[in-house]
Amino acid sequence: MTKIAILHEGVLDKKVIEGLIKHIELDEKLIVFYSMGVKSNFFDKKHPAYISLSLSVENDEINKVFFILDADNCDKNQGGMIKTQEKLQVMIKSLGFESISRFYITHDPRTKDKEGFIESLLLSTIPEEKMNCIDRFLECTGFDKKGGDKSTYERIYKNIAHPLSPYNFDHIHFNELKTQLTQLFAESK
Amino acid sequence: MTAITAHFLTDIEIKQFKCFTDFKASGFERVNLISGKNNVGKTAFMEACYINTYSINVNSMATAIHSIKFMRENLNILFNGHDSIKILDSTKIYVSKSNLREIEFHITEKDAIKEYIFSINSDLVTINAKELNLIFEYINNIKFIDNFGWSDNDLARAYEAIQKHEKETDLSALVQEFDDSIDSFKLIGGTKPQCKTKGEWRDITEFGDGLRHYISIICALYTCENSYLFIDEIDNGIYYDHFDRLWKIIFTLSKKTNCQVFATTHSKEMLESFARVAKKLDEQDISYTRLVKNKNQELKSITFDYAVIKYSTENEHEVR
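Basis of the calculations
Numbering of residues begins from 1 in every chain and follows the order in which that chain's sequence is written. Chains carry letters and ligands carry numbers; both start at the beginning, A for chains and 1 for ligands, and go up in the order they are written. Thresholds applied to this predicted model are a pLDDT of at least 70 for local features of residues and 80 or more for the giving and counting of side-chain atom pairs; totals over whole chains, interfaces and linings are not thresholded and use all residues. Water and hydrogen atoms play no part in the side-chain values, which are based on all heavy atoms of the structure. Only heavy atoms enter the contact rule, under which two residues are in contact if any of them lie within 4.5 Å. A quick way to say it: buried area is the sum, across both parts, of accessible area lost when two parts are put together, with a 1.4 Å probe. Should a side-chain nitrogen of Lys or Arg be within 4 Å of a carboxyl oxygen of Asp or Glu, the pair is scored as a salt bridge. Strands here are runs of E lasting at least two residues and helices are runs of H or I lasting at least four, both read from the DSSP assignment and numbered beginning at the N terminus. Side-chain atoms alone can form a polar contact between residues adjacent in sequence; in general such a contact is a pair of N or O atoms within 3.5 Å, and within protein one must be able to donate a hydrogen while the other accepts it. Under the scheme applied here, a residue whose accessible area is under 20% of the maximum for its type counts as buried, over 50% as exposed, and between as partly exposed, the area being computed with a 1.4 Å probe on protein chains only. Paired strands are those between which DSSP finds at least two bridges. With axes taken as lines fitted to C-alpha atoms, and helix axes fitted only over the stretch in contact, angles between N-to-C directions fall between 0 and 180 degrees.

**Things to note about the interface of chain B and chain A**
So, step 1. Counting residues at the interface gives 15 residues for chain B, matched by 13 residues for chain A.
So, step 2. Carbon and sulfur atoms supply 58% of the area buried between chain B and chain A, which totals about 1,100 Å² over both sides.
So, step 3. In this structure, the connection of chain B to chain A is made through 1 salt bridge.
So, step 4. B:Arg290 is the salt-bridge partner of A:Glu61, the closest N and O atoms lying 2.3 Å from each other.

**Notes on the side chain of B:Gln194**
Residues and elements named next belong to chain B.
So, step 1. Looking at the element boundaries, Gln194 is found in strand 10 (residues 192-197).
So, step 2. A polar contact of 3.4 Å, which involves the side chain of Gln194, links it to the side chain of Asp203.
So, step 3. Other than its neighbours up to four places away in sequence, Gln194 contacts Ser184, Phe185, Lys186, Ile188, Trp201, Arg202, Asp203 and Ile204.

**Quick notes on the pattern of salt bridges**
So, step 1. Using the criterion set out here, one finds 23 salt bridges over all chains in the structure.
So, step 2. Linking A:Arg102 and A:Glu187 is a salt bridge whose minimum nitrogen-to-oxygen distance equals 2.8 Å. Placement of the pair is A:Arg102 in strand 4 (residues 101-106) and A:Glu187 in helix 7 (residues 175-188), with a sequence separation of 85 residues.
So, step 3. Of the residues examined, A:Arg102 reaches a relative accessible area of 18% and is grouped as buried.
So, step 4. For A:Glu187, a relative accessible area of 37% translates into the label partly exposed.
So, step 5. Of the charged contacts in the structure, one is a salt bridge between B:Lys15 and B:Glu102, with a shortest N-O distance of 3.7 Å. Here B:Lys15, found in strand 1 (residues 11-17), pairs with B:Glu102, found in strand 5 (residues 102-110); they are 87 residues apart in sequence, far enough to count as distant.
So, step 6. If you follow the salt bridges from partner to partner, you end up with B:Arg30, B:Lys255, B:Glu283 and B:Asp285 in one network.

**Remarks on the sheet that holds strand 12 (residues 228-231) of chain B**
Residues and elements named next belong to chain B.
So, step 1. In space, the 6 strands of this open sheet follow the order 8-12-13-3-14-15, with mixed pairing throughout. Of all strands in the sheet, those bounded by a partner on one side alone are strand 8 (142-145) and strand 15 (299-305). Averaged over all adjacent pairs, the angle separating strand axes in this sheet is 15°, with direction ignored.
So, step 2. Sheet topology places strand 12 next to strand 13 (residues 260-265); 4 bridges connect them, and they run parallel. What sits directly across from Tyr228, in strand 13, is Gln260.
So, step 3. Contacts between helix 8 (residues 243-257) and the sheet are confined to strand 3 (31-36), strand 13 and strand 14 (286-293), with strand 3 contributing the most and set at about 140° to the helix.

In structure tokens:
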């Protein structure tokens, strides 16, 4: 059975993707996850994940590849949507995966420059009144939104913002990711 | 590659042999595990590597080609007798090129003249069938343990290396770790492998096949010093609880004796154990090769080095 590779940064990305695939009723058995650990590993051609993946692609075991990684903030090295996208496209080309790849760069859709990470995307999907409270809370406590710890976002989301259901996959902010995944599965057939 | 490992087979192209045509595999290290589905050609792949490493001259090349068929037909030969030429004839063609040598064997029949053609690194030898006089030239430190296991005689010959290295006590200790009811292992009368249990010497045949296989592998690792050991179906008869111990022995002894090991398996537990023990011992001179058929039904190889094996097992990828 030919499979689809999904390359992600950490555990949370994998958990969200798994949940989303179930939510939109795609066949999760077709997925092979490749954990890259941190964003910089996506730009290391010699990373074991790429070696393993290239061999599997060469032997027709994998026919589609999906990259999901954080945009991060513009002031960071390789940060921001544009820089991340440019660098990733160079890597995809050097791997020879242009015709079989799709990618999604996680960010907070509310930001002007499409900055952020998976945690801020999740936080952007909670009801507006709650979000305003949290924004005010972060502002009052002096939390540095750009340089702040991503796990704090995750903790806020998990414990304060959305205690009843894990993720609000029906939110409009998940639409782009859902479209990418649906097209990926359709192209894999 | 350092001088000590200069003899290692690192890559091979099997141009023609059994199920292989223009097949390439590379990236071999000191200990190499080969896997793949049933009938994909794991044993044939090992045979191809075995013939290439064995072919230092025409006689040893003919011996290797004869041996691979002889091993597989052991039981039939026992009952029906054998004709060495017929056994050699069963391999119609063998062509391979490795980092060690380029060799070719084929049989031609034209105008009622049958000829055997041997070529090693372009040195061509053509022998008319009527003049063929098979001279077996065995290389004592290249061994192949097939899935039927070794006979008492094979084991007795390999045990000589244990004696030469004065490792009889170590071997008995390893046997005891394998089965704590066994106090000691010895070759009684030079040919009879026996185990001492409850103060009594008993023939090895009274124990499971796994024990014979385990002892054969340890003895072979000493025998194949500075050379090669091929083990078909390494997990044969061995309970999975012993896999980690076996890999630890193989990693440690192969390093000590500078022996390159090739082994096949289709056991998931064996592969997991291979990766687990390598990681635990930080044993990086390993490779894992999977034989697969692509969508065009062409046979291909995928070879993982230590970093990729480690990554794949940590990410729970199905690598069989």
